[in-house]
Number of protein chains: 2
Amino acid sequence: MFSKACKYAINAMIYISTLPEGNDRVGLKEISKAINSPEAFTAKILQILVRENLLSSIKGPNGGFEIHEEGRKTHLYRIVQVIDGDQIFTGCALGLEKCSEDHPCAVHNKFKAIREHLAGMMMTTSLEDMAKGIQNGTNFLKI
Amino acid sequence: MFSKACKYAINAMIYISTLPEGNDRVGLKEISKAINSPEAFTAKILQILVRENLLSSIKGPNGGFEIHEEGRKTHLYRIVQVIDGDQIFTGCALGLEKCSEDHPCAVHNKFKAIREHLAGMMMTTSLEDMAKGIQNGTNFLKI
DNA sequence: ATAGTATCGGATATTTTTATCCTTTAATAT
DNA sequence: ATATTAAAGGATAAAAATATCCGATACTAT
Ligand code: FES
Ligand code: FES
């Protein structure tokens, strides 16, 4: 479904969002430990998220990553889009060059509903929302 | 969503199912032309499907692949399972070792519904069903 | 100013997926 | 029997995804 890179991105963003706003600066090491991901690879992914302004970073001592106010309203859809592209939301399930009503693949009609279900869910689920479940121990980021 | 191998497998199986039953023997070359897939790679995938008894093959002149009676009732779920495994139907969306109610990831509840939607669709969609859409020109296998 | 720290970014390595090549095996037709 | 044909299977190659390494950059603290 999602690439590993994308899973790490989502979990990392949620983890940062669980930290108290304004006091949420956190380093790579802590993040990758919290989500159980390879450190160096996670760094690459965080770099992309920073470049795309979904995340901000500060270098040097007491440096790290943080997500301010508005950033916590980011929807999962956007993260997937930035890391995996939106093939999953718009592409053809069976590999046709493009998904369209005019030239539908064998599963187009049935699949479209699922894809929209997924896209809708991802578009209405924010980091804030997810962070709550982690904070109160209902949901988990690793193992 | 699905691997290329899996997409080729599904389209190939549907293509064979569009041919008149009992007179449906068709060679690799024709199949990969019909679904626009790389020949040698497609051969590998068909071999797996033959090994798993979703397809049968005959060597030599007038040889090829065919799907008998019962085979046409095969559901897409089974093809995905054989080629990609059932990670997509049972695995955790965010990469936890296993998906479970006891230790749910951040999107577990929301994702479960989508996964079940997908699994249900794939379990109730057969080659026969798909073949009809191709035969009457409503759906397409390539481009 | 200087040393220390943490992210950035480029280079490289490993693994997995996708794709090709070629020999072997089994069936057909002459 | 023999030549021909098409799938099977093993070996290899290319591409993409995942993962690691290390010097450069920017910031902090002393
Ligand atoms: S054409 Fe395949 S999903 Fe729309
Ligand atoms: S635990 Fe992640 S989808 Fe169920």
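Everything below is about the structure printed above this text.
Here's a quick rundown of the structure. All figures in this text were calculated on a predicted structure; none of them were measured in a lab.

### Some words on the packing of aromatic side chains
All names here are of chain A.
Then, in step 1: By the definition in use, this model includes four aromatic pairs over all chains.
Then, in step 2: For the ring pair tyrosine 77 and phenylalanine 89, a centre distance of 4.0 Å and an interplane angle of 15° mean the geometry is stacked. Note that tyrosine 77 is positioned in helix H4 (residues 76–84) and phenylalanine 89 in helix H5 (residues 87–90), a separation of 12 residues in sequence. Both residues of the pair, tyrosine 77 and phenylalanine 89, count as buried.

### Quick notes on helix H1 (residues 4–18) of chain B
Then, in step 1: With 15 residues, H1(B) ought to run about 21 Å at 1.5 Å a step, and its terminal C-alpha atoms sit 21 Å apart, in line with that.
Then, in step 2: Burial analysis of H1(B) places 14 of its 15 residues in the buried class, which makes it a mostly covered element.

### A look at the protein's contact with DNA strand D
Then, in step 1: Surrounding DNA strand D, one finds 25 residues, the nearest of these being Lys4(A), Pro38(A), Leu28(B), Lys44(B) and Ser57(B).
Then, in step 2: A breakdown of the atoms of DNA strand D within 4 Å of the protein gives sugar and phosphate a share of 64%.
Then, in step 3: The side chain of Asn62(A) places a nitrogen or oxygen atom 3.1 Å from a phosphate oxygen of DNA strand D.
Then, in step 4: Here a base nitrogen of DNA strand D and a side-chain polar atom of Gln47(B) are 3.2 Å apart.
Then, in step 5: Within the residue set of the surface near DNA strand D, elements represented by two or more residues are helix H1 (4–18) and helix H3 (39–51) of chain A together with helix H3 (39–51), strand E1 (56–58) and strand E2 (64–66) of chain B.
Then, in step 6: In terms of residue count, the dominant contributor to the surface near DNA strand D is H3(B) (four residues).
Then, in step 7: When the residues that make up the surface near DNA strand D are grouped by side-chain class, the tally is 11 nonpolar, eight polar and six charged.

### Examining the interface of chain B and chain A
Size of an interface: often given as the accessible area lost when the parts come together.
Then, in step 1: The partner chain A presents 37 residues to the 37 residues of chain B that form the contact.
Then, in step 2: Carbon and sulfur atoms supply 68% of the area that chain B and chain A bury against each other, a total of about 3300 Å² over both sides.
Then, in step 3: Looking only at chain B, the three residues that lose the most surface to chain A are Met1(B), Leu94(B) and Ile114(B), adding up to 19% of its buried area.
Then, in step 4: Run the count over chain B and chain A and you get zero salt bridges.
Then, in step 5: At the surface where chain B touches chain A, the tally comes to 13 residue pairs in polar contact (both at pLDDT 80 or more).

### With respect to unusual backbone geometry
All names here are of chain A.
Then, in step 1: Its identity as a non-glycine residue notwithstanding, isoleucine 143 has a phi of 60°, on the positive side.
Then, in step 2: Positionally, isoleucine 143 belongs in the segment after helix H7 (127–135).
Then, in step 3: Note on isoleucine 143: relative accessible area 56%, which makes it exposed.

### Structural notes on the relation of the copies chain B and chain A
Then, in step 1: Note on the copies: chain B fits chain A at an RMSD of 0.0 Å, the axial shift is 0.0 Å, and the rotation between them is 180°. Both chain copies can therefore be described as sitting about a two-fold axis. Distance from the rotation axis, computed per C-alpha, reaches its smallest value in chain B at Met1(B): 2.3 Å.
Then, in step 2: Comparing interface residues between copies, 100% of those in chain B also lie at the interface in chain A; the contact surface is shared.

### Some thoughts on the pattern of salt bridges
Residue and element names in this part refer to chain A.
Then, in step 1: One pass over the structure, following the stated rule, counts 10 salt bridges over all chains.
Then, in step 2: The residue arginine 72 makes a salt bridge to aspartate 24 at a minimum N-O spacing of 2.8 Å. With arginine 72 in the loop between strand E2 (64–66) and H4 and aspartate 24 in the loop between H1 and helix H2 (28–35), the pair connects residues that are 48 residues apart, well separated along the chain. We note that arginine 72, like aspartate 24, is buried.
Then, in step 3: For glutamate 101, the salt bridge is made with lysine 112, and the minimal N-O distance between the two is 2.8 Å.

So, how was this worked out
- Residues numbered from 1 in each chain as written.
- Chains lettered and ligands numbered in written order.
- Predicted model: local features only at pLDDT ≥ 70, side-chain atom pairs only at ≥ 80, totals over all residues.
- Heavy atoms only, no water.
- Phe/Tyr/Trp six-rings, centres within 6.5 Å; stacked < 30°, edge-to-face > 60°.
- Helix = DSSP H or I, 4+ residues; strand = E, 2+ residues; numbered from the N terminus.
- Buried < 20%, exposed > 50% of the residue type's maximum accessible area, 1.4 Å probe, protein only.
- Expected span 1.5 Å × (residues − 1).
- Near = heavy atom within 4 Å.
- Polar contact = N/O pair within 3.5 Å; in protein donor to acceptor, adjacent residues only side chain to side chain.
- Nonpolar A, V, L, I, M, F, W, Y, C, P; charged D, E, K, R; others polar.
- Contact = heavy atoms within 4.5 Å.
- Buried area = accessible area lost by both parts, 1.4 Å probe.
- Salt bridge = Lys/Arg side-chain N within 4 Å of Asp/Glu carboxyl O.
- Least-squares fit on C-alpha atoms with pLDDT ≥ 70 in both.

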